Amino acid sequence: MSHHLSGPDLRSPKGDARLDLTDVFVFPAAESGRTVLIMNVNPFAPTQAEAFHPDAVYRINVDLDGDDVADLAYSFVFSAPSDGWQTVTVHRATGAAARDHEPGGEAVVSGAEVAFGAEPHVVSGEGLRFSAGLRSDPFFADLDGIVAGFQWTGNDFGIDKNVFGIVLEVPDTELGDRPIGVWARVSLRQDGRLVSVDRGAHPSLTAYFNAEDAKEKYNEGEPADDWDTYREPWSAVLAHTGGYGPAEAEKALRTVLPDVLRYDRTEPAAYPNGRTLTDDVTSARLAMVSGGKVTDDHIGPHTDLLPEFPYLGHPHPVS
């Protein structure tokens, strides 16, 4: 189910919804010459958690030179919530600081208000636009039908769900003139050190490919190690689910390993070249794991998306 519930046994990492990365998006902004980077967390918000974790570092990593190592990183650090109020500071790091999971570099947004109501709170700084808060979940899929062996129900899992959205819009000049790679990470400070508890870029990987006892290690890992670590076990999964031969499996896995979302701005944005809010990633993953036998879950994108920043729809009422 995209990257929702990416801990063992279909639970949030550490059993904490605040740490649960649900989706990553990369696409061109409504204003030309700018790019949108989104990481969503906290499935079923706000019922499972009413604020971002104050001891976590939420992070969007950007590889600028194709080596699957971060050259640019935006870290989002939230204050302790108080009476429904929370603030966030955005750090921008480059070079060695971008590869350190700590929120290094300069603070490009300081003490911005997190929006937990219907309307987003948008701030600008250093050429950036930024917003964080409660938004509708853009993920769409017939999860009941997938669980029922592809007996489609017509029910969209995400149609009434909310998430916590972290939305950043940056000038293209910030990203260089080559294709980029993007992934997100959530780290938690425990016993004086920062521990990666969730990470990813491509949708619906860990749910399909990782055994339960491999998920925590995956969430701690680095994309640069993915091919060597996961090529063989994931090839075995494809052989089982889709009848792939070794060469076919490796070719298919080249799209998603390393787990970095590639985006070439000279080409139209459509998954797997970036990911827009309306891309049918569920059907793409079903076709991949089934060897082309299952190609569509018959659920379309949500219609509550905004045409401009912050792009994610207004949150659904919470009963």
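Every chain begins its residue count from 1, and numbering advances along the sequence as written. Totals for whole chains, interfaces and linings use all residues, but because this is a predicted model, local features are given only for residues with pLDDT of at least 70 and pairs of side-chain atoms are given and counted only at 80 or more. Remark: hydrogens and water are excluded; side-chain values derive from all non-hydrogen atoms of the structure.

Q: How should the overall build of the protein chain be read in this particular structure?
A: Counting its secondary structure elements, the protein chain contains seven helices and 12 strands. Computed over its C-alpha atoms, the radius of gyration of the protein chain comes to 18 Å, within 12% of the 20 Å expected for a compact globule of 319 residues. Think of it in three bands: with a 1.4 Å probe and only protein chains considered, a residue is buried below 20% of the maximum accessible area for its type, exposed above 50%, and partly exposed in between. Across the 319 residues that make up the protein chain, the buried fraction comes to 55%. Residues are treated as being in contact if the distance between any of their heavy atoms lies within 4.5 Å. In the protein chain, the share of contacts with a sequence separation of at least 24, taken over all contacts with a separation of at least 6, comes to 64%. Total accessible area on the protein chain is roughly 13,000 Å²; 50% of this is exposed by carbon and sulfur atoms. Two residue types count as positive, namely Lys and Arg, and two as negative, namely Asp and Glu; His and chain ends fall outside the count. The atom standing in for a charge is NZ when the residue is Lys, CZ when it is Arg, CG when it is Asp and CD when it is Glu. The positive charge centre, built from 25 side chains, and the negative charge centre, built from 50, are 4 Å apart in the protein chain. Helix and strand assignments come from DSSP, with helices taken as H or I runs of at least 4 residues and strands as E runs of at least 2, each series counted from the N terminus. The size measure is the radius of gyration over C-alpha atoms, and the globule rule it meets is 2.2 Å times the number of residues to the 0.38 power. Note that accessible areas follow from Shrake-Rupley with a 1.4 Å probe, and for residues the cover is restricted to the protein chains shown.

Q: In this structure, what is going on with helix 7 (residues 281-289)? I would like to understand it.
A: Residues that lie three or four places apart on an α-helix share one face, since the helix turns once every 3.6 residues. Extensive coverage of helix 7 is indicated by the burial of seven of its nine residues. Residues Val281, Thr282, Ser283, Arg285, Leu286, Met288 and Val289 constitute the buried set of helix 7. Tucked into the core, helix 7 has its buried residues touching helix 2 (143-147), helix 3 (206-209), helix 5 (226-242) and helix 6 (246-253). Of the residues one or two after helix 7, Gly291 is the one with positive phi, at around 65 degrees.

Q: In this structure, what is going on with the packing of aromatic side chains? I would like to understand it.
A: The description of an aromatic ring pair rests on the distance of the ring centres and on the angle between the ring planes. The pairing test for Phe, Tyr and Trp rings, Trp by its six-membered ring, is centres within 6.5 Å, and the orientation test on the planes gives stacked under 30 degrees, edge-to-face over 60, and tilted for anything in between. Using the criterion set out here, one finds 15 aromatic pairs in the structure. Arranged with centres 5.5 Å apart and planes meeting at 90 degrees, the rings of Phe27 and Tyr311 form a pair that is edge-to-face. Remark: Tyr311 occurs in the segment after helix 7 and Phe27 occurs in strand 1 (residues 21-28); sequence separation between them is 284 residues. Here Phe27 matches Tyr311 in class, with each residue buried. Between Phe52 and Phe78, the ring centres sit 3.9 Å apart and the planes meet at 5 degrees, which makes this aromatic pair stacked. With Phe52 in the loop between strand 2 (34-45) and strand 3 (56-63) and Phe78 in strand 4 (residues 72-78), this residue pair connects regions lying 26 residues apart in the sequence. For the pair Phe52 and Phe78, one class covers both residues: buried. Connected via pairs of aromatic rings, a cluster forms that spans Phe52, Tyr58, Phe78, Phe116 and Phe164.

Q: Hey, could you run me through the nonpolar core in this one?
A: Most often, soluble globular proteins keep nonpolar side chains buried together rather than apart. In this structure, Met39, Tyr58, Phe76 and Phe130 are the most contacted members of the largest nonpolar core, which totals 77 residues. Contacts of Met39, omitting those with residues within four sequence positions, involve Leu21, Asp23, Tyr58, Arg59, Ile60, Phe76, Phe164, Gly165, Ile166, Ala184, Arg185 and Val186. Take the buried residues of types Ala, Val, Leu, Ile, Met, Phe, Trp, Tyr and Cys, join any two whose side-chain atoms come within 4.5 Å, and each joined set is a nonpolar core.

Q: Teacher, can you tell me more about the packing of helix 5 against helix 6 here?
A: Relative placement of two packed helices is described by the angle separating their axes and the distance separating the axes. To define axes, lines are fitted to C-alpha atoms, for helices over the stretch in contact only, and angles between the resulting N-to-C directions are given on a 0 to 180 degree scale. Running from N to C, helix 5 and helix 6 point in directions that differ by 120 degrees, and their axes come no closer than 9 Å. One element, helix 5, and the other, helix 6, form an angle in the oblique class. With respect to the hand of their crossing, helix 5 and helix 6 are arranged in right-handed fashion. Judged by residue contacts, Trp227, Arg231, Trp234, Ser235 and Leu238 of helix 5 engage Ala249, Glu250, Ala252 and Leu253 from helix 6. Roughly parallel refers to an angle under 35 degrees, roughly antiparallel to one over 145, roughly perpendicular to one between 65 and 115, and oblique to any angle outside these ranges. Here a crossing is taken to be left-handed if its near helix is turned anticlockwise relative to the far helix by less than a right angle, and right-handed if that turn runs clockwise.

Q: I tried to follow the pattern of salt bridges on my own but got confused; where do I start?
A: Opposite charge on two side chains makes pairing possible when the charged atoms of those side chains draw close. The working definition used for a salt bridge is a side-chain nitrogen of Lys or Arg within 4 Å of a carboxyl oxygen of Asp or Glu. Summed over all chains, the structure comprises 17 salt bridges. Of the charged contacts, one joins Asp68 and Arg262 as a salt bridge, the two residues approaching to 2.6 Å between their closest N and O atoms. Residue Asp68 is found in the loop between strand 3 and strand 4, and its partner Arg262 is found in strand 12 (residues 261-263); the two are separated by 194 residues along the sequence. When its relative accessible area of 31% is taken as the criterion, Arg262 is described as partly exposed. A salt bridge links Arg92 to Glu174; the nearest nitrogen and oxygen atoms lie 2.4 Å apart. Here Arg92 is found in strand 5 (residues 87-94), whereas its partner Glu174 is found in the loop between strand 9 (162-171) and strand 10 (180-190), with 82 residues between them in sequence.

Q: Explanation requested: the pairing of strand 4 in the structure shown.
A: Along a regular strand, successive side chains alternate from one face of the sheet to the other. Summarising burial for strand 4: six of the seven residues are buried, a large majority. Paired strands, in this sense, are two strands between which DSSP finds at least two bridges. Pairing of strand 3 with strand 4, which is carried by six bridges, proceeds in the antiparallel orientation. From the neighbouring strand, Arg59 faces strand 4, where its bridge partner is Ser75. Bridge analysis of strand 4 against strand 5 gives seven bridges, and the strand direction is antiparallel. Across the sheet, residue Val77 finds its bridge partner in strand 5, namely Thr89.

Q: Is there a simple way to explain the environment of Asn61 in this structure?
A: Here Asn61 lies in strand 3. Using a relative accessible area of 3% as the deciding quantity, one classes Asn61 as buried. The spacing of Asn61 and Ala93 is 32 residues in sequence and 9.5 Å in space, taken between C-alpha atoms. Dropping the residues within four chain positions of it, Asn61 is found in contact with Ala70, Leu72, Ala73, Ala98, Gly181, Val182, Trp183, Ala184 and Arg185. A polar side-chain atom of Asn61 sits 3.1 Å from a polar atom in the side chain of Arg59. Whenever a nitrogen or oxygen atom comes within 3.5 Å of another N or O atom, the pair is scored as a polar contact, on the condition that within protein one atom can donate a hydrogen and the other can accept it, and that pairs from neighbouring residues in sequence are kept only if both atoms are in side chains.

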